[in-house]
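# A closer look at the structure
Chain by chain, the residues:
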Amino acid sequence: MAIKSHIKLINMKPSRQFMKIAFYVPNKGLKKINFSTPFDGNPGSGAAEYLHVALPYYIRDDEFETYILAQEVTHMPANLKHIKCNSLRDAAILAKKNGIDIFVFRPRIHEESNILDLIDELQLLSIGRAALTPSVKHQRKMARSNYFRALVAVGSEQFDFMCDSPVAEKLTYIDNGISLSPCNEFANIQKNKKLVTYMGAIVPQKGFHVLARVWPQVLEHHPDAYLRVIGSSKIYNENYDVGPLGVADEAYEREFIMPYLCNKKGELHPSVKLLGALGKEKYKHLSESIIAIPNPTGQTETCCVSAIEMAACSTAVVTGAYYALLGTVKNNSTGLLGRGDKKLKDNICKLLNNPELAISMGKNGRVLAEEIYDFNKVAIRWKMLFADVYNHSKIRSPRHQFNYLYYHRKWLRAINYIPAKIFNHLMNWPSIQKFEDLIINLAKKLKNLV
């Protein structure tokens, strides 16, 4: 979809009518994943890998020619150009050789392979999509880089979290997107008023163990409820070893899942079904569920695409009141948020007791997904950012809202926002994230001494 009313490309050679954009996809361990139809939703990978295929698919038009640079290129969309590469550094070098105008990659928490030095050496305009929030040291180097032009927060809470960061002048925010198409296929499916579905990677950071811990308590109040679990540790690397349940590391399964969901013989409780990693078929399960649950701890969540997909399937979301989930799930509107095991159990039971309330929240969630998270709308914001970067314009950035001030010390970030904005030009003004890192490191040292 062209957006000529928003974008005017300048300094383009007469023979070239488009801007060349390349996205790096680190998919070395995902040989079997078929990314060829991004409009069908996530095929069973991590969100970060899928999004770097789907975004160029939806951005491509008569003004933007998009490329994918990936370790595995066999199962990529037919209408996108793709280049095989071995690593992030290799991808940047190949982007420069192929005349790419803007290179998009996912920064890690700590700088990967001195990529910022290489970008400046290559004079390659680049944008980072912050699937994880970079360390303060990495942010400061981003701020100093001449050719790293923008860091894209992927949710409003992450954007606020970095409001006082060293890279604030290059910081903007574009929500992660989803395809509504697979959700539309099951729009008329009847809700099962006893069905709860979890979706996410089965790794410690994604909090399934919290749900496993409270599920026996849910059954005490609703013995006819049952739980479907969509996900596996293999969504990040299909070669990972798993335990007897077939979904996670053996130690994690035995310590955090089996004591709550299995009998003494290691057999799953009849109310629980482990579905593993799913492709398009997961949207049917989400659509017929009365409740859907993403990461109850919120750890590592900078947007939580799973929560958006659940809402797009018109399903009420119950999860933890942490990090990005505070922005993605509208409490008491599209779902219920809370902190701690008891609140998670209570919120699940509340909606099982009141299915009409859950259905109403699901409808609100669908509206939210259509208005904000549809890839077609998200792509427009990316195109505007590309025009700013290409034309060397100031990066447009929305205003910080500072909702949930008393969560995750956001009130301190709000206080530090103005002096950071003033003094970051003159000195290494410390962000609240920097103070937090110092306190955590000091605590670790004291613990080791003890």
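The structure displayed is predicted, hence computed values, not measured ones.

Quick look at a nonpolar patch on the surface now. Together, Ile418, Ile422, Phe423, Leu426 and Met427 line one region of the surface with nonpolar side chains, adding up to about 490 Å² of accessible area. Take Met427: it is sitting in the loop between helix 15 (410-423) and helix 16 (432-449). Given a relative accessible area of 40%, Met427 falls into the partly exposed group.

Two cysteines, two sulfur atoms, one covalent bond between them: this is a disulfide. This structure, assessed with the given rule, holds 0 disulfides. A disulfide-free cysteine, Cys304 has its sulfur positioned 7.2 Å from the sulfur of Cys303, the nearest such atom. We classify Cys304 as buried; its relative accessible area is 6%. Sulfur of Cys313: no disulfide; nearest cysteine sulfur belongs to Cys183 and is 3.6 Å away.

Relative to each other, helix 2 (residues 88-97) and helix 3 (residues 115-122) sit at 10 degrees, their axes nearing to 10 Å. When the interaxial angle is binned, helix 2 and helix 3 end up roughly parallel. Note that helix 2 runs across helix 3; the crossing there is right-handed. Contact residues: Leu88, Arg89, Ala92, Ile93 and Lys96 in helix 2; Ile115, Leu118 and Leu122 in helix 3. When its residues are assigned to classes, the contact of helix 2 with helix 3 shows 6 nonpolar, no polar and 2 charged.

A few words on the sheet that holds strand 12 (residues 316-320). Across the sheet, 6 strands lie side by side as 10-9-8-11-12-13; this open sheet has parallel pairing. The open sheet is flanked by strand 10 (272-276) and strand 13 (335-338), the only strands paired with a single partner. Strand-to-strand twist of the sheet, defined as the mean angle between neighbouring strand axes without regard to direction, takes the value 20 degrees. Looking at chain direction, strand 8 (residues 192-199) and strand 11 (residues 289-293) are connected through 4 bridges and run parallel.

Attention now goes to the pattern of salt bridges. A side chain of one charge can pair with a side chain of the opposite charge when the charged atoms of the two come close. Summed over the entire model, instances satisfying the criterion amount to 24 salt bridges. As a salt-bridge pair, Lys280 and Asp40 come within 3.4 Å of each other at their nearest N and O atoms. Of this pair, Lys280 sits in the loop between strand 10 and helix 9 (282-288) while Asp40 is found in the loop between strand 1 (19-25) and helix 1 (47-59), placing the two residues 240 residues apart along the sequence. One salt bridge in this structure joins Asp346 and Lys345, with 3.0 Å as the shortest N-O distance.

The next point concerns the packing of aromatic side chains. Aromatic ring pairs are defined here through the distance separating the ring centres and the angle between the ring planes. Enumeration according to the criterion identifies 16 aromatic pairs in this entry. Considering the side-chain rings of Tyr404 and Tyr407, the 5.4 Å spacing of their centres and the 85 degrees angle between planes classify their relative orientation as edge-to-face. Judged by its relative accessible area of 30%, Tyr404 is partly exposed. By the ring-pair criterion, three or more aromatic residues cluster together here, those being Phe39, Tyr50, Tyr57, Tyr58 and Phe375. Its end group placed over the ring of Tyr147, Arg149 keeps NZ or CZ at 5.5 Å from the ring centre. A cation over a ring is seen here: Arg413 above Phe161, with NZ or CZ 3.9 Å from the ring centre.

Here Asp388 shows up in helix 14 (residues 375-390). Non-local contacts of Asp388, meaning those with residues more than four positions away in its chain, are made with Ser393, Lys394, Ile395 and Arg396.

Attention shifts here to the nonpolar core. Judged by nonpolar contacts, the single largest core of 64 residues is most densely connected at Ile102, Ile127, Trp382, Leu385 and Phe386. With 8 residues, the top contributor of residues to this core is helix 14. Dropping the residues within four chain positions of it, Phe386 is found in contact with Met19, Ile21, Phe23, Ile59, Phe64, Ile102, Val104 and Ile127. Counting residues in each nonpolar core, the second largest holds 37 residues, with Tyr198, Leu245, Ala248 and Ile293 among its members.

A separate point is the environment of Thr302. Residue placement: Thr302 occurs in the loop between strand 11 and helix 10 (305-312). Sequence separation between Thr302 and Asp175 is 127 residues, and the spatial gap between their C-alpha atoms is 9.7 Å. Setting aside its immediate chain neighbours within four residues, Thr302 contacts Ala130, Ala131, Leu132, Thr133, Val154, Gly155, Gln158 and Ala324.

Apart from glycine, the bulk of residues carry a negative phi angle, and the bulk of peptide bonds sit in the trans form. One non-glycine residue, Tyr323, lies in the positive phi region at around 45 degrees. Note on placement: Tyr323 falls in the loop between strand 12 and helix 11 (325-328). A positive phi angle, near 55 degrees, is found at His408, a position not held by glycine. With respect to the element layout, His408 can be found in the loop between helix 14 and helix 15. A residue is classified by how much of its surface remains accessible, and His408, at 19% relative accessible area, is buried.

Turning our attention to helix 13 (residues 355-373). Because the α-helix completes a turn every 3.6 residues, residues three or four places apart line up on one side. The first and last C-alpha atoms of helix 13 sit 25 Å apart over 19 residues, in line with the 27 Å expected at 1.5 Å per residue. Listed as buried for helix 13 are Pro355, Ala358, Met361, Gly362, Gly365, Arg366, Leu368, Ala369 and Tyr373. Taken around the axis of helix 13, the buried residues stretch over an arc of 165 degrees, which confines them to a single face. Exposed and facing more than 90 degrees away from the buried side of helix 13 are Glu356, Lys363 and Glu371.

The next subject is the sheet that holds strand 7 (residues 171-173). Spatially, 7 strands are ordered 3-2-1-4-5-6-7 in an open sheet, and the strand pairing comes out parallel. If you trace the sheet from one side to the other, it starts and ends with strand 3 (81-84) and strand 7, each paired once. Across the sheet, the mean angle from the axis of one strand to that of its neighbour is 25 degrees, orientation sign disregarded. Bridge analysis of strand 4 (residues 102-105) against strand 5 (residues 126-130) gives 3 bridges, and the strand direction is parallel. Paired with Phe103 across the two strands is Ser126, which belongs to strand 5. Packed onto the sheet, helix 2 meets strand 1, strand 2 (64-70), strand 3 and strand 4 and runs at close to 165 degrees relative to strand 4. In the packing of helix 3 onto the sheet, contacts are made with strand 4, strand 5 and strand 6 (148-153), and the angle to strand 6 comes to roughly 135 degrees.

Procedures and definitions
- Residues numbered from 1 in each chain as written.
- Predicted model: local features only at pLDDT ≥ 70, side-chain atom pairs only at ≥ 80, totals over all residues.
- Heavy atoms only, no water.
- Patch = residues over 30% accessible without salt bridge, like charges linked within 9 Å, V, L, I, M, F, W, Y side chains within 5 Å.
- Areas by Shrake-Rupley, 256 points an atom, 1.4 Å probe, with all protein chains shown as cover.
- Salt bridge = Lys/Arg side-chain N within 4 Å of Asp/Glu carboxyl O.
- Helix = DSSP H or I, 4+ residues; strand = E, 2+ residues; numbered from the N terminus.
- Buried < 20%, exposed > 50% of the residue type's maximum accessible area, 1.4 Å probe, protein only.
- Disulfide = S-S within 2.5 Å.
- Axes fitted to C-alpha atoms, helices over the stretch in contact; angles between N-to-C directions.
- Parallel < 35°, antiparallel > 145°, perpendicular 65-115°, else oblique.
- Left-handed = near helix turned anticlockwise from the far one by under 90°.
- Contact = heavy atoms within 4.5 Å.
- Nonpolar A, V, L, I, M, F, W, Y, C, P; charged D, E, K, R; others polar.
- Pairing = 2+ DSSP bridges.
- Phe/Tyr/Trp six-rings, centres within 6.5 Å; stacked < 30°, edge-to-face > 60°.
- Lys NZ or Arg CZ within 6 Å of the ring centre and 35° of its normal.
- Core = buried A, V, L, I, M, F, W, Y, C linked by side-chain atoms within 4.5 Å.
- Expected span 1.5 Å × (residues − 1).
- Arc of directions from axis to C-beta.

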